[in-house]
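Analysis of the macromolecular model
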Amino acid sequence: MSSSNGAKENSHNKARTSPYPGSKVQRSQVPNEKVGWFVEWQDYNPVEYTAVSVLAGPRWADPQIRNPAGRTGLIGRGLLGRWGPNHAADPIITRWKRDRSGNKITHPVSGKNILQFVAIKRKDCGEWAIPGGMVDPGEKISATLKREFGEEALNSLQKSSAEKRELEEQLHKLFSQEHLVIYKGYVDDPRNTDNAWMETEAVNYHDETGEIMDNLTLEAGDDAGKVKWVDISDQLQLYASHSQFIKLVAEKRDAHWSENSDAECRGL
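Values in this document were obtained by computation on a predicted structure and should not be read as measured data.

**Observations concerning the packing of aromatic side chains**
Scanning the entire structure with this criterion turns up six aromatic pairs. Taking 4.9 Å as the distance between ring centres and 35 degrees as the angle between the ring planes, the aromatic pair formed by W41 and Y44 counts as tilted. On the basis of relative accessible area, W41 is assigned to the buried category, the value being 19%. For Y44, a relative accessible area of 16% puts it in the buried group. Relative to F245, the ring of Y183 has its centre 5.2 Å away and its plane inclined at 25 degrees; by these criteria the two rings are stacked. A residue pair is termed long-range when its members are at least 10 positions apart, and Y183 in strand 7 (residues 180–186) and F245 in helix 6 (residues 242–252) qualify at 62 residues. For the pair shown, Y183 and F245 are each scored as buried.

Spelled out as structure tokens, the structure:
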């Protein structure tokens, strides 16, 4: 699922930030012109760091594998369990913003309908994000998408057996309908290192009438501190590359994104 194009678009910035998440470790600084592996840099001497929690687990792959987007200033696995790509799935659940009469609300400047998505506030960094997570070994992406949304946005792990059955019925309606694969590949993530990096599949499930989500009560759970519906626009500040995914959803659904009409026309 590697995609160097995605890495170039977001400049491979967050994968070079310090300190490394959950630690005080400072990366070796990598200037923009020396990110690419094809650029000769004989003095490149990145810091090595793998979290203690990760060292306690098994090793799955060749440690010599290299980040497809280029240098990050850190070798090892950091917080990531696998050498090489660590696969995640990001379910983007959307609906149209409506008034009390049930009519779609349009933005006064762009004239386009306003789209909303379910966002969670991550406990680890406090940033708002898509309620996604890691793909379990042998698990299908479709199962990960539904499981992660249920755990993080609906607190499914704390539900009774009866509540879980009812929840499963509603989730099946939502996740069995047509959907859009928004992005698939490498993502610029603060946990990335030279030897381990995040790749994801971001998928949009849209509740056109809003009826399905009306029957589901948002409740933060698992890794989420808070959960809520958020209006989609270019003002969003989200975790990792999530703003990029949300922008793509707005484009696909022909929804409001920016008050700058010129920027919308150019796809900026």
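**Here's the deal with the UniProt feature "domain: Nudix hydrolase" (unreviewed entry) in the chain**
UniProt feature "domain: Nudix hydrolase" (unreviewed entry): in the numbering of this structure it lies at residues 96–252. The span residues 96–252 is 27% helical and 25% strand by assignment, and the distance between its end C-alpha atoms comes to 14 Å.

**Quick notes on the UniProt feature "coiled-coil region" (unreviewed entry) in the chain**
Taking the numbering used here, the UniProt-annotated feature "coiled-coil region" (unreviewed entry) corresponds to residues 150–177. Counting secondary structure, residues 150–177 comes out at 68% helix and 0% strand; the distance between its end C-alpha atoms is 17 Å.

**Quick notes on the nonpolar core**
Considering soluble globular proteins, one finds that nonpolar side chains tend to be buried as a cluster. Formed by 24 residues in total, the largest nonpolar core has its most connected members in I92, F117, I232, F245 and I246. At the level of secondary structure, the elements contributing two or more residues to this core comprise strand 3 (84–96), strand 4 (115–122), strand 7, strand 8 (196–206) and helix 6. Not counting chain neighbours up to four residues away, the residues in contact with I92 comprise F117, I130, I182, A202, V203, N204, Y205, F245, I246 and V249. In this structure, A153, L154, L216 and A224 belong to the second largest nonpolar core, which totals 20 residues.

**Digging into the packing of helix 3 (residues 141–153) against helix 4 (residues 161–175)**
Two numbers describe how helix 3 lies on helix 4: the axes approach to 11 Å, and their chain directions differ by 130 degrees. With respect to their mutual orientation, helix 3 and helix 4 come out oblique. The handedness of the crossing between helix 3 and helix 4 comes out as right-handed. Across the interface between the two elements, L145, K146, F149 and G150 from helix 3 touch E168, L171 and F175 from helix 4.

**Concerning unusual backbone geometry**
A cis amide bond, omega -5 degrees, links S18 with the succeeding residue P19. Inspection of the secondary structure assignment puts P19 in the loop between helix 1 (4–9) and strand 1 (47–50). If you check the backbone angles, N155 has positive phi at about 55 degrees while not being a glycine.

**A look at the pairing of strand 8**
Burial analysis of strand 8 places 11 of its 11 residues in the buried class, which makes it a mostly covered element. Neither face of strand 8 is open: one carries A196, M198, T200, A202, N204 and H206, the other W197, E199, E201, V203 and Y205, and all of them are buried. Note: strand 3 against strand 8, 11 bridges, orientation parallel. Across the sheet, T94 pairs through a bridge with H206, a residue of strand 8. The sheet contact formed by strand 7 and strand 8 spans six bridges and is antiparallel. Residue G185 lies in a different strand from strand 8, and its bridge partner there is T200.

**What to know about helix 4**
Relative to the 21 Å expected for 15 residues at 1.5 Å per residue, helix 4 spans 20 Å between its end C-alpha atoms, a close match to the ideal helical length. All of the buried residues along helix 4 are L167, Q170, L171, L174 and F175. The buried side chains of helix 4 occupy one side of the element, clustering within an arc of 125 degrees when seen end-on. Seen from the open side of helix 4, the exposed residues pointing more than 90 degrees away from its buried face are S161, R165, E166 and E169.

**Brief notes about the pattern of salt bridges**
On inspection of all chains with the given rule, the structure shows 12 salt bridges. Of the charged contacts in the structure, one is a salt bridge between E148 and R147, with a shortest N-O distance of 3.0 Å. What makes R147 partly exposed here is its relative accessible area of 21%. In this structure, a network of salt bridges that share partners links the residues D136, E139, R147, E148 and E151.

Thresholds applied
- Residues numbered from 1 in each chain as written.
- Predicted model: local features only at pLDDT ≥ 70, side-chain atom pairs only at ≥ 80, totals over all residues.
- Heavy atoms only, no water.
- Phe/Tyr/Trp six-rings, centres within 6.5 Å; stacked < 30°, edge-to-face > 60°.
- Buried < 20%, exposed > 50% of the residue type's maximum accessible area, 1.4 Å probe, protein only.
- Helix = DSSP H or I, 4+ residues; strand = E, 2+ residues; numbered from the N terminus.
- UniProt positions renumbered as here; feature names shortened; annotations may be inferred.
- Core = buried A, V, L, I, M, F, W, Y, C linked by side-chain atoms within 4.5 Å.
- Contact = heavy atoms within 4.5 Å.
- Axes fitted to C-alpha atoms, helices over the stretch in contact; angles between N-to-C directions.
- Parallel < 35°, antiparallel > 145°, perpendicular 65-115°, else oblique.
- Left-handed = near helix turned anticlockwise from the far one by under 90°.
- Pairing = 2+ DSSP bridges.
- Expected span 1.5 Å × (residues − 1).
- Arc of directions from axis to C-beta.
- Salt bridge = Lys/Arg side-chain N within 4 Å of Asp/Glu carboxyl O.

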